[in-house]
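Residue-level structural notes
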Amino acid sequence: MVQTLPVQHPETQPVGGEPLPRRGVERLDLMLLAVEALDLNGGEAMVWMSEQLGFSGLFPNRVELWKRRCHNPLRRTTRRGSLDEAETDALIRILCALADRLYPMLRALLSQAEPEALTRQRWALFEARLAELLNERMNPRRGGVQQLLDPQGGADQRRRLIQALALGAGPGGFERMRASLRDAAP
């Protein structure tokens, strides 16, 4: 008699202890950068949100928060190693809380109901600020950075960043964002 073992589907298997894949770290940091592009005080908002969510032990100050974000290989200054699960989850929770706060702005960017001229103006402001931050903080020789900076070629990728932020807002946003970052394609 052959004994069969129950099959676990990937979505029901525990993910504990696995570091975020490289592409997931890149996307997480790029979405945090997009938050900074949308909110001129985004860096301060991240520190404040970290305190509000009780992550002062992980990120006691802005420097520690910045160090965790520097695990992104697209940055000018990168750190070796990987983020542990607690740090990753904390950054995702901060991102989702900021996405909740910025949801009206995200919705306005993605809305088809707004006049086209107004939508283009909003996107132009966001894209200009994002390009400024990318040039300031990211390595311009990296292909991923060059693609994001390309006015036409990077438009779809910038839109996907905003859509991902919008999906991270609201109830269940953390689980959606976490699953999306863990499944980031290599």
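Details of the structure are given in the entry above.
The paragraphs below set out a description of the structure included in this document. (Residues numbered from 1 in each chain as written. Predicted model: local features only at pLDDT ≥ 70, side-chain atom pairs only at ≥ 80, totals over all residues. Heavy atoms only, no water.)

Now for the overall build of the protein. Assigned secondary structure in the protein consists of eight helices and zero strands. Across the protein, helices and strands are ordered from the amino to the carboxyl terminus as α-α-α-α-α-α-α-α. Burial status across the protein gives 42% buried among its 186 residues. Look at the contacts in the protein between residues 6 or more apart in sequence, and 70% of them connect residues 24 or more apart. (Helix = DSSP H or I, 4+ residues; strand = E, 2+ residues; numbered from the N terminus. Buried < 20%, exposed > 50% of the residue type's maximum accessible area, 1.4 Å probe, protein only. Contact = heavy atoms within 4.5 Å.)

This part covers the pattern of salt bridges. Within this structure, the stated rule accounts for 19 salt bridges. If you follow the salt bridges from partner to partner, you end up with Asp29, Glu36, Arg69, Arg75, Glu136 and Arg137 in one network. (Salt bridge = Lys/Arg side-chain N within 4 Å of Asp/Glu carboxyl O.)

Turning our eyes to something else, we now look at the packing of aromatic side chains. Both the distance between ring centres and the angle between the ring planes are used here to describe each pair of aromatic rings. Taken as a whole and judged by the stated rule, the model has one aromatic pair. For the ring pair Trp123 and Phe126, a centre distance of 5.8 Å and an interplane angle of 80° mean the geometry is edge-to-face. Here Trp123 pairs with Phe126, and both are found in helix 5 (residues 116–137), just three residues apart, close to one helical turn. What makes Trp123 buried here is its relative accessible area of 11%. Between Arg93 and the ring centre of Phe174, over which it is positioned, the NZ or CZ distance is 3.7 Å. (Phe/Tyr/Trp six-rings, centres within 6.5 Å; stacked < 30°, edge-to-face > 60°. Lys NZ or Arg CZ within 6 Å of the ring centre and 35° of its normal.)

All right, on to the packing of helix 4 (residues 85–110) against helix 5 then. With their axes 9 Å apart at the nearest point, helix 4 and helix 5 run at an angle of 120° to one another. Overall, the two elements helix 4 and helix 5 adopt an arrangement that is oblique. When helix 4 is examined against helix 5, the residues Ala108, Leu109 and Leu110 are found in contact with a partner set consisting of Thr119, Arg122 and Trp123. (Axes fitted to C-alpha atoms, helices over the stretch in contact; angles between N-to-C directions. Parallel < 35°, antiparallel > 145°, perpendicular 65-115°, else oblique.)

Let us now look at helix 3 (residues 62–69). Inspection of helix 3 places Leu65, Arg68 and Arg69 among the buried residues, and these make up the whole buried set. Projected down its long axis, helix 3 carries its buried residues within an arc of 100°, all on one side. Of the surrounding secondary structure, the elements contacted by the buried residues of helix 3 are helix 1 (22–38), helix 2 (42–52), helix 4 and helix 5. One side-chain oxygen of the residue at the start of helix 3 lies 3.1 Å from the amide nitrogen of Val63, identifying that residue as Asn61. (Arc of directions from axis to C-beta. Polar contact = N/O pair within 3.5 Å; in protein donor to acceptor, adjacent residues only side chain to side chain.)

Right, let's get into helix 1. Between its first and last C-alpha atoms helix 1 spans 24 Å; for 17 residues at 1.5 Å apiece the expected length is 24 Å, and the two agree. Of all 17 residues making up helix 1, 14 are buried, and the element is well covered by its neighbours. (Expected span 1.5 Å × (residues − 1).)

This paragraph deals with the packing of helix 2 against helix 3. Viewed as axis vectors pointing N to C, helix 2 and helix 3 meet at an angle of 105°, and their least axial separation amounts to 10 Å. Between helix 2 and helix 3, the angle is such that the two are roughly perpendicular. Contact residues: Glu44, Met46 and Val47 in helix 2; Arg62, Leu65 and Arg69 in helix 3.

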